[in-house]
Amino acid sequence: MEKARSFMLVIPADGSDLERPQLLEERLREAEGFGVEFVEPGENSVRFKVACGEETFLVEIYPTDFEITEMYRCQHFFPDIDIDAIQKVEYGLAVEMEFGGNALFSYHLQLKLIHAMVPDALAVIDDSSEKILSGRWVALAAKSKVPPAPRYLYTAQAVSGGEENPCVWLHTHGLNRCGCPELEVLDSNKENYQEHYNVLETLANRMIEDEEIPEFGSPYFLAYVEEGMPLVVTLIDWEDAVDLYEPEMLGGRKDRQEGHNQDTCVIFVYPSKESADKGMFYPLDIYDKFLKENPVFMISLEETARMRTQAVERISYLFEAARNKENHLLVKLGLKVDEEYETEDNEKEHIWFEILEVSGERFQAKLTQEPYYIKDMHEGYTAEFGPEDVTDWLIYTPERRISPDDVYLFAIDADER
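Here the structure is a predicted model, which means the values were calculated and not measured. (Residues numbered from 1 in each chain as written. Predicted model: local features only at pLDDT ≥ 70, side-chain atom pairs only at ≥ 80, totals over all residues. Heavy atoms only, no water.)

Enquirer: Looking at this structure, I do not really get the overall build of the chain. What am I missing?
Expert: A count of helical and extended segments in the chain gives eleven helices and 22 strands. By the compact-globule yardstick of 22 Å for 417 residues, the chain fits well, its C-alpha radius of gyration being 23 Å. Along the three orthogonal principal directions, the C-alpha set of the chain runs to about 65 × 65 × 45 Å. Here the chain holds 417 residues, and 49% of them are scored as buried. (Helix = DSSP H or I, 4+ residues; strand = E, 2+ residues; numbered from the N terminus. Rg over C-alpha atoms; globule rule 2.2 N^0.38 Å. Buried < 20%, exposed > 50% of the residue type's maximum accessible area, 1.4 Å probe, protein only.)

Enquirer: Is there a simple way to think about the packing of helix 1 (residues 21-30) against helix 3 (residues 103-117) in this case?
Expert: For any two helices packed against each other, the geometry is given by the interaxial angle and the distance between the axes. Close contact between helix 1 and helix 3 brings their axes to 8 Å; oriented N to C, the two are set at 125 degrees. By the angle between their directions, the pair helix 1 and helix 3 is classed as oblique. Both helix 1 and helix 3 take part in a crossing whose hand is right-handed. Here helix 1 contributes Leu 24, Arg 27 and Leu 28 to the contact with helix 3, which in turn contributes Leu 113, Ala 116 and Met 117. Its residues assigned to classes, the contact of helix 1 with helix 3 comprises five nonpolar, no polar and one charged. (Axes fitted to C-alpha atoms, helices over the stretch in contact; angles between N-to-C directions. Parallel < 35°, antiparallel > 145°, perpendicular 65-115°, else oblique. Left-handed = near helix turned anticlockwise from the far one by under 90°. Contact = heavy atoms within 4.5 Å. Nonpolar A, V, L, I, M, F, W, Y, C, P; charged D, E, K, R; others polar.)

Enquirer: How do you make sense of the sheet that holds strand 18 (residues 348-359) when you look at a structure like this?
Expert: Working definition: the strands of a sheet are paired by backbone hydrogen bonds and lie parallel or antiparallel to each other. Across the sheet, six strands lie side by side as 20-19-18-17-21-22; this open sheet has antiparallel pairing. The open sheet has two edge strands, strand 20 (382-385) and strand 22 (401-402), and neither has a second partner. Across four bridges, strand 19 (residues 362-367) lies against strand 20 in antiparallel orientation. The residue bridging Lys 366 from the neighbouring strand is Thr 382, located in strand 20. (Pairing = 2+ DSSP bridges.)

Enquirer: Sorry if this is basic, but what is going on with the sheet that holds strand 3 (residues 46-52) here?
Expert: The sheet built from eight strands is open, its strands ordered 2-3-4-6-1-7-8-5 with mixed pairing. With partners counted over all chains shown, the strands left at the sheet margins are strand 2 (35-41) and strand 5 (73-74), one partner each. Bridge count for strand 2 against strand 3 is six bridges, and the pairing is antiparallel. Across the sheet, residue Gly 35 finds its bridge partner in strand 3, namely Ala 51.

Enquirer: How should I be thinking about the nonpolar core in this particular structure?
Expert: The tendency in soluble globular proteins is for nonpolar side chains to be buried as a group. Counting 95 residues, the largest nonpolar core has Leu 183, Leu 231 and Phe 353 as the members making the most contacts within it. When residues of this core are assigned to their parent elements, the largest contribution, nine residues, is made by helix 3. Apart from residues no more than four positions distant in its own chain, Leu 231 is found in contact with Val 199, Tyr 220, Phe 221, Leu 222, Ala 223, Val 225, Val 269, Leu 284, Tyr 287, Leu 291 and Phe 297. (Core = buried A, V, L, I, M, F, W, Y, C linked by side-chain atoms within 4.5 Å.)

Enquirer: Sorry, what's going on with empty space enclosed by the protein here?
Expert: Which parts of space are left empty comes out when a probe the size of a water molecule is rolled across the atoms. Tallied over the full model, the rule gives two cavities of 30 Å³ or more. The calculated volume of the largest cavity comes to roughly 60 Å³. Lining the largest cavity, in full, are Val 185, Leu 186, Asp 187, Ser 188, His 196, Tyr 245, Val 266, Ile 267, Phe 268, Pro 283, Leu 284 and Asp 285. Listing elements by their share of the lining of the largest cavity, those giving two or more residues are strand 11 (182-189) and strand 14 (264-270). Tallying contributions element by element places strand 11 first for the lining of the largest cavity, with four residues. Class assignment of the residues belonging to the lining of the largest cavity gives a composition of eight nonpolar, two polar and two charged. In this model, the second largest cavity occupies a volume close to 50 Å³. The leading source of residues in the lining of the second largest cavity is helix 4 (residues 135-143), at three residues. (1 Å grid on protein atoms, 1.4 Å probe; cavity = no way out; pocket = protein on both sides within 12 Å on 5 of 7 lines; lining within 4 Å. Points joined across faces, edges and corners; volume = space filled by probe spheres on them.)

Enquirer: Please explain a nonpolar patch on the surface as it appears in this structure.
Expert: A contiguous nonpolar patch, built from Phe 221, Tyr 224, Val 296 and Met 298 and spanning about 340 Å² of accessible area, is present on the exposed surface. Checked against the element boundaries, Met 298 lands in the loop between strand 16 (296-297) and helix 9 (301-313). (Patch = residues over 30% accessible without salt bridge, like charges linked within 9 Å, V, L, I, M, F, W, Y side chains within 5 Å. Areas by Shrake-Rupley, 256 points an atom, 1.4 Å probe, with all protein chains shown as cover. Salt bridge = Lys/Arg side-chain N within 4 Å of Asp/Glu carboxyl O.)

Right, dumping it as structure tokens:
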């Protein structure tokens, strides 16, 4: 399939910067982490080539007016002052580029380019995924050595049939720019769509990370819905999939006139090896009973490593939060499993602790759950740990929950105080 260009629109705090393309070029050349190889001014836009890592990327920028549609998801918290400022802006900076071989790397680079050119952005409209991103979050992500989570590259929308119609149509926006087809679940319903969403999200993340698209009709292992019961999915082209349903159904052929009619496919399942061998696929809803029983969706080693690196990179926010006794702190630690349970894919168990006290970069923490693979450690166990053990953390303030991805909220809370 042809890869779509990634389109983002930057909403600046100072619109006068957009009238000086030379200033934007100077900021790009002064930025670290990438190099500008050439700049080609046009009548209404500027094209330039950026080198980053072992790849080069063609980028085009131009000022444009914008409109935020009601379908776009507000991914981050915006204080009232930001919303008021955004509503007063008439023009933004469009930033278009084609992703390279690694979609997550490319997405991270696009954020870095945006922050370099417009460091005071109020927000970024990611048109490809129909998301609205906080300018503070974009600045934080651009400065990080760690790319954002794969879920930022796309949005999964749930379109409902209304009060009288229980049907829900799940579909993504943003995967085409990653070189992947958009994903859908047809004929979901209001009772089970969240479980179907979890399946769709897990598959989308895996495709982005693996940089490999399952062939239509081929089996693809995704999870265990219960012990010994695998969830094996398959992708079917939308044109073949909608023919299995009534044309008037939500997400059926009647809803494909103006969109969702190319580079998109529907998720089905193979409930057995025999069905996979014969190519007999079934709707996802045959697993509804099991999907409500906390199935084990595997997180890749790459994503685990990314989350851990981000948590450690931003751990100073956790230690700062510990100074306020109103905050409740949790930390996920990766601890070595007992030898009898150790395998190549199971060397550490990642379990949650409550932080009791912080001293420098060391902290006392109490285990909040029973481990599965460490038999001599039990709930309530207390010991001292450090950043080398951390894989994730959470801060519960009186106002909100903050994760390593959300630390831009500290600046907002400071402004409001």
